[in-house]
Amino acid sequence: MLDLITTGSPAFMTMLPDNCVKDIHDAANLISYDAGQLIHNRGDAKPGISIVKSGAVHVGIYGADGSFVMTSILGPGQTFGEFSLFAGLPRTHDITAANKTQIYQLSATRFTALYELEPDISRALLSATLTRTHLLLEMMDAMRRLSMRDRTAKILLTMMQISGVDDVFECRQSDLAFTLGVSRQSLSTALKQLADLGLVEIGYGKIMLPDPKAMSNWVAIHC
């Protein structure tokens, strides 16, 4: 079982030496986005890599009915767009700003030049990407195997681990319900059960963990 107490998704930028961080800042365009603003469409073909400077982004897929199935939230120092660079694929998800957010945008040409010059960049990107993939596999396991209450707790905690923030999850309950593949009512019931245990607190457009370590310990025991 994944040890959620000690394992998170390391932020790409935090694993780099200062000279690499400076090189990336110098090569990138820094773009600001408002809450809810679209950053990338699923299917966009232009390759490049994006790095969250501040704020957070929601990663998912919009359905034909306007519903949003979210797969993760990414916070400061984390990246997206790797598939477009290394696999030649179009953008695989829709990316929107969760709140006021700043993103370092690097074209394929600029990032590849840095990537080939600095081995620290390739090592950090590989570590961050593989850890995030492992956490996403844990989410898939939870959706197939666990009860509604336990599934909600584990996926909520895992998505917060991916985001790099361990005490608040900024997301509408309707979006989280689509992600879990359940009704809003079922999710509300599960969240109330977790709130009764003192593990979560429900706010407007966000879910808070009053004691992240207690939540991690509970998930490790029950999931």
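This section reports on the structure supplied with the text. The shown structure was predicted, so the numbers you read here are calculated from the model rather than taken from an experiment.

Attention shifts here to the sheet that holds strand β6 (residues 79-80). The strand order across the open sheet built from four strands is β1-β8-β3-β6, with neighbouring strands paired in antiparallel fashion. Either end of the sheet is taken by a strand with one partner, and the two such strands are β1 (29-33) and β6. When strand β3 (residues 48-54) meets strand β8 (residues 101-107), the two strands line up antiparallel, connected through six bridges. When the sheet's bridge partners are listed, Val52 is paired in β8 with Ile103. Along the sheet face, helix α3 (residues 108-117) touches β1, β3 and β8 and points at about 80° away from the line of β8.

Mapped onto the elements, Lys46 comes out in the loop between β2 (38-40) and β3. Placed 69 residues apart in sequence, Lys46 and Tyr115 show a C-alpha to C-alpha distance of 18 Å.

What follows concerns helix α8 (residues 212-222). Taken together, the buried positions of α8 are Met215, Ser216, Trp218 and Val219. The buried side chains of α8 occupy one side of the element, clustering within an arc of 165° when seen end-on. Exposed side chains of α8 directed beyond 90 degrees from the buried face belong to Lys213 and Ile221. Taken together, the buried residues of α8 touch α5 (148-163) and α7 (184-196).

Conventions used here
Residues numbered from 1 in each chain as written. Predicted model: local features only at pLDDT ≥ 70, side-chain atom pairs only at ≥ 80, totals over all residues. Heavy atoms only, no water. Pairing = 2+ DSSP bridges. Helix = DSSP H or I, 4+ residues; strand = E, 2+ residues; numbered from the N terminus. Contact = heavy atoms within 4.5 Å. Axes fitted to C-alpha atoms, helices over the stretch in contact; angles between N-to-C directions. Buried < 20%, exposed > 50% of the residue type's maximum accessible area, 1.4 Å probe, protein only. Arc of directions from axis to C-beta.

Worth remembering: the numbers are spatial, not functional.
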